Structures are given as C-alpha cells and as structure tokens.
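Take a look at the letters that make up each chain.
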Amino acid sequence: MHVSLPADMDLNTYLDLRKREFYLTADALRSVAADFVRAMESGLAGRPSSLRMLPSFLGSPSGREHDSVIAIDFGGTNIRVLEVELDGNGGVVTKRILRAPLVDPAGAYDHLGAGSNAEGLFGFIADRVAEIARPGVSYDLGHTFSFPCRQTGVNEARLIFWTKEIRTAGVEGEDVGQLLDRALASRGLSQVRSRAILNDTVGTLLAAAFTRPHVAIGSICGTGHNTCYLEPVHPLTGRPMIVNMESGNFDAAPQTRFDRELDEASERPGTQRLEKMGSGRYIGEIVRRVLIDMAAEGLLPVSAGLSRRDVLSGPEVGAILADGAGLEATAATLASCFGWVSLGDERLAAVRTVVGLLVERSARLTAATFCGTLLHIDPPLSGEHVIAVDGSLYEKMPYYAGWIQQAIDETLPAARGRVGTMLAKDGSGIGAAIAAATAAASEV
Ligand code: GLC
C-alpha cells in the first residue's frame, strides 16, 4: 500500500497515515489466514509455495520415552547444552544446563558473523558438550538447530540457508549432523551418539505435547519466527508427522514500503518476508525506518544515530512499549540510540504509538498464521486447540501474547474459548531430548 503525504504534516496526521498502513483489520487477518492455508496445501503437495513444509520425521511423543540425553539448543545468539533424564513416566529432569554466547560481547570470538566458519562454530558447540558430558556415561544426543533444513531422516539435516542474518561460512548445503559429529569425534567424545536433529518449533511442540493434550502446533516468536504442526496423515509416510513450515518465509502478508526497504537491505532479500515484518531480530529496524521517515517529514530531529543499522534492539522496543505516562523509558532509549534530548511529550508519545502499531501488527500477523494452521488441521474448528509458543517476543514483549489471543478471537469468532496459546518455556531443549530418546528407542 502506498500512502502519499499531505504537504503540511503534523504528528497526528502522520500517525493516522501509519495506522492505516499498519493496522490489520479482522477481514485483513482472515484474508492472510486463507492465503496461509493455500500456501500450506501447495507446499505439502510439493507445488511452489513460500511455505517449505519441511518434514521432521518425528510424530507426537508418547510420554514413555526413557533415556539419558544431552540436548543442544542452537537458535542464533546463544547455545544451551542440557543434560536431561527422561524417566519413562512422562517425567523430565534437567540435571545440568550450560549457556554460552556465540558472539563474545568482549569481542574475543564471533562464530556467526562475517569471517566465521563451520569448524569454529561446531568446534565451539562440541567444546560445550564436552563440559557437560560425564566421563564413562553414554548419552544419546538431540540437536535443536533452528534454521531451515532439508531432512531425509530424523538424524539427517542439511541447512538450506542461514536466516536471522547469520553469515558463518561452510554450513549452507552441508549436513549439520555430520559437522557436529566430526567436531565431537575430534574431541574424543565417542560416548555421545547423535540421534536427532530438529527445528526449535518442533522441540517446542514435542515438549508441550509430552505433558498435555490438544497441542498440535508449536511456534517461536523470538529473534526469529516460525511455526510447526502435526500433520495427521503426512504424504511421505501416510502417518502423523510434525511439519516445520518455515512460516517466517511466508510471502503473502501485506508489506509496506518500510518492509520492502528493510528486506532489500538485509543479508538475503526476498526471503523470510513475514519474519522481517516483526520478529525480535527485525522489530527495532522497522521502527528505526519509520523514525527516519518522521525525521524526513520534519517531525523528529535528524540524527546520526538514525543511520545506524540495528541501533534499536528488541528489548529497547519493549521498554518503550511498557512505558508509563511519564514516558521516561522512551526518553532514555531515544536519547541513548539517537542522541535526542528534550523531545517533548507529544513527540515521545508519537514514537511510542509507532512502536505499538508495529508490535501489534507483528502479533496480529502471527495470529493470522496460527488461524490458517488451525483451519488446515481442523476445518470445522470443532476441537480444542492449544498452541505452544516460546521466544522472547511472546514471553517478554508487553501486550504481545494478549494481542495474539485477541486477533485469534477476531479472526475465528466461532472458535472463541476453544483456541488459546501457552508459553512453552525452554521447550526446544527438552524437545531435543524427547526427540533423541524417541529416535534411539526406534533404532534398538
Ligand atoms: C528462523 C528459522 C527457523 C526458526 C525460527 C525461530 O525463522 O529459519 O528455522 O524456527 O527462526 O528460531
């Protein structure tokens, strides 16, 4: 949509225009949901689609999984390595957990940016496994690797391409299990046996479905955004299988010029369009682009900070949104990012309004894709559905979870009260353990 600006722009007129662009009505959400269902069905049938519908080779867990497992959870900024015990009666005990940043804030190492490579990244992960594995104990290993992978089995996954702006060389097109196994072998970790590689959405779904009924959809609303679901009769096997949709790549949500410009300036233009419209990695960037526009209109001061990419982080966006009537956090954030002081209440409030519009759009778009997924798995919407969600946006961004629920209820009024979301905190690590145990049991 292109909205042309009147010659004399004041803040309220400007905000009205942005609202017309960014606010998605219930009808708009229903149309996104309908496009999403079509994209799911094309992707499943192997026809061209922005939804990759990647098979996971995993079904739903039984709760009887029994094993001693090491789980790796690698999704972007950090890795977590967990030692987990599954007791066979639905019990999960996380015995130890180790977190490590992949980019050292002190600048000593960077396993994800320009100049980083596969050996460095997987060597670093294997070193963390070595810190957790007890000598003499055998483990099955589950590996959550939160990027689009082409799987040919539960333990065979090739990275299609990096998302979330990661640039590590030598991983795209490679089998990530082999890269990890090589790194483990070179460290003498033969008691650790790779069993499963899975997406974080799949881990989230497995962890939630392990302990409660009605969970057939798992999603991440964090640095990245993506959703998976349990396909009741998968075309490959004729049996239930979890499908990683890579819904961050969905391309039928209504983009504005701000979204198009952000996409063009990103590592991989044309990909991950939905993700770039509102996940934690990008939300600050979209806000920055609107602020640049406001400065060009004379509504905000021009500042050098405005041209610094990624200057505004997801948590800072959250702080602005959470701000009280005094707008102190907004003033402090804008001062530190853009050097703006004494903006005055009207301009501070206008920035907060822009932030609110963009965060709410992100939540509503996510909700529309959840509704599309529900319409695919339960067209008459007769059942009860719980969507398991993890990620910083869902957990920490003010209003986000509530806005998702409101938009689901507006989009599918007939299902009101029967469709909800739940936080599946750190589910992807536990899900990796469940996947490893399932895969190990089916091999014995
Ligand atoms: C990105 C990845 C996807 C992952 C999501 C959340 O969209 O491509 O695989 O699930 O981020 O981490």
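To start, this report covers the structure provided alongside it. (Residues numbered from 1 in each chain as written. Predicted model: local features only at pLDDT ≥ 70, side-chain atom pairs only at ≥ 80, totals over all residues. Heavy atoms only, no water.)

Across its full length, the protein carries 14 helices and 13 strands. In terms of C-alpha radius of gyration, the protein reaches 22 Å, essentially the compact-globule figure of 22 Å for 444 residues. Oriented by its inertia axes, the alpha-carbon framework of the protein measures out at about 75 × 55 × 40 Å. Expressed as a percentage of the 444 residues in the protein, the buried residues total 59%. (Helix = DSSP H or I, 4+ residues; strand = E, 2+ residues; numbered from the N terminus. Rg over C-alpha atoms; globule rule 2.2 N^0.38 Å. Buried < 20%, exposed > 50% of the residue type's maximum accessible area, 1.4 Å probe, protein only.)

The next thing to look at is the site of the ligand. In the region of the ligand, 15 residues are neighbours, and Lys164, Asn199, Asp200, Glu246 and Glu275 sit closest. Here an oxygen atom of the ligand sits 2.6 Å away from a polar atom, N or O, in the side chain of aspartate 200. Asparagine 226 places a polar side-chain atom, nitrogen or oxygen, 3.0 Å from an oxygen atom of the ligand. Protein chains bury 98% of the 300 Å² of accessible surface belonging to the ligand in isolation. Every element with two or more residues in the shell around the ligand is listed here: α5 (200-211) and β10 (225-231). Of the residues that constitute the shell around the ligand, the class distribution is three nonpolar, eight polar and four charged. (Near = heavy atom within 4 Å. Polar contact = N/O pair within 3.5 Å; in protein donor to acceptor, adjacent residues only side chain to side chain. Areas by Shrake-Rupley, 256 points an atom, 1.4 Å probe, with all protein chains shown as cover. Nonpolar A, V, L, I, M, F, W, Y, C, P; charged D, E, K, R; others polar.)

This part covers helix α1 (residues 11-22). Taking 1.5 Å per residue, twelve residues should reach 16 Å; α1 reaches 16 Å between its end C-alpha atoms and fits that length. For α1, the full list of buried residues reads Leu11, Tyr14, Leu15, Leu17, Arg18, Glu21 and Phe22. Down the axis of α1, the buried side of the element spans an arc of 160°, and every buried residue falls inside it. The exposed residues of α1 that point more than 90 degrees off its buried face are Asn12, Asp16 and Arg20. (Expected span 1.5 Å × (residues − 1). Arc of directions from axis to C-beta.)

On to the sheet that holds strand β12 (residues 385-390). Ordered by their spatial adjacency, six strands build an open sheet running β1-β11-β10-β9-β12-β13, and the pairing between neighbours is mixed. With partners counted over all chains shown, the strands left at the sheet margins are β1 (54-55) and β13 (419-423), one partner each. Relative to β12, strand β9 (residues 215-221) runs parallel, the two sharing five bridges. Paired with isoleucine 217 across the two strands is isoleucine 387, which belongs to β12. Against the sheet, α5 touches β9, β10, β11 (241-244), β12 and β13, its axis set at about 135° to β9. (Pairing = 2+ DSSP bridges. Contact = heavy atoms within 4.5 Å. Axes fitted to C-alpha atoms, helices over the stretch in contact; angles between N-to-C directions.)

This part takes up the nonpolar core. Across soluble globular proteins, nonpolar side chains show a tendency to be buried alongside one another. Counting 78 residues, the largest nonpolar core has Leu291, Met294, Leu334 and Val359 as the members making the most contacts within it. Examining the composition of this core, we find that 15 residues originate from one element, helix α11 (residues 345-377), more than from any other. Sequence-distant contacts of leucine 334, that is, excluding residues within four places in its chain, are made with Leu291, Ile320, Gly339, Trp340, Leu343, Leu348 and Val351. By size, the runner-up hydrophobic cluster in this structure holds 36 residues, among which are Leu102, Ala133, Leu141 and Leu159. (Core = buried A, V, L, I, M, F, W, Y, C linked by side-chain atoms within 4.5 Å.)

The subject of this paragraph is the pairing of strand β2 (residues 66-74). A regular strand places its side chains on the two faces of the sheet in alternate fashion. Among the nine residues in β2, eight count as buried, and that is most of the element. Pairing of β2 with strand β3 (residues 78-87), which is carried by nine bridges, proceeds in the antiparallel orientation. Paired with isoleucine 70 across the strands is glutamate 83, a residue of β3. In this structure, the hairpin formed by β2 and β3 is closed by a connection of three residues, where glycine 76 is found at a positive phi of approximately 155°.

On to the pattern of salt bridges. For the coordinates displayed, the defined rule picks out 23 salt bridges. Residue glutamate 21 is joined to arginine 18 by a salt bridge in which the shortest nitrogen-to-oxygen separation is 2.6 Å. With a gap of three residues between them, glutamate 21 and arginine 18 both fall in helix α1, about one helical turn apart. Judged by relative accessible area, which is 6%, glutamate 21 ranks as buried. (Salt bridge = Lys/Arg side-chain N within 4 Å of Asp/Glu carboxyl O.)

What follows deals with the packing of α1 against α11. Between two packed helices, what matters for the description is the angle formed by their axes and the separation of those axes. Across the interface, α1 lies against α11 with an axial gap of 10 Å and an inter-helix angle of 5°. Taken together, α1 and α11 sit at an angle that is classed as roughly parallel. Contacts between α1 and α11 involve Leu11, Leu15, Arg18, Lys19 and Phe22 on the former and, on the latter, Glu346, Arg347, Ala350, Thr353, Val354, Leu357, Leu358 and Arg361. Of the residues that constitute the contact of α1 with α11, the class distribution is seven nonpolar, one polar and five charged. (Parallel < 35°, antiparallel > 145°, perpendicular 65-115°, else oblique.)

One pass over the full model with this rule turns up twelve aromatic pairs. A ring pair is formed by tyrosine 109 and phenylalanine 124, whose centres lie 5.2 Å apart and whose planes are at 40°; its orientation type is tilted. One end of the pair, tyrosine 109, is in the loop between β4 (92-101) and α3 (118-132); the other, phenylalanine 124, is in helix α3, with 15 residues separating them in the sequence. Look at tyrosine 109 and you get partly exposed, because its relative accessible area is 26%. Each residue in the set Phe74, Phe122, Phe145, Phe147 and Trp162 is aromatic and connected to the rest through ring pairs, giving one cluster. It is arginine 18 that lies over the ring of tyrosine 14; its NZ or CZ is 4.7 Å from the centre. When the ring centre of tyrosine 282 is taken as reference, the NZ or CZ atom of arginine 281 above it lies at 5.7 Å. (Phe/Tyr/Trp six-rings, centres within 6.5 Å; stacked < 30°, edge-to-face > 60°. Lys NZ or Arg CZ within 6 Å of the ring centre and 35° of its normal.)

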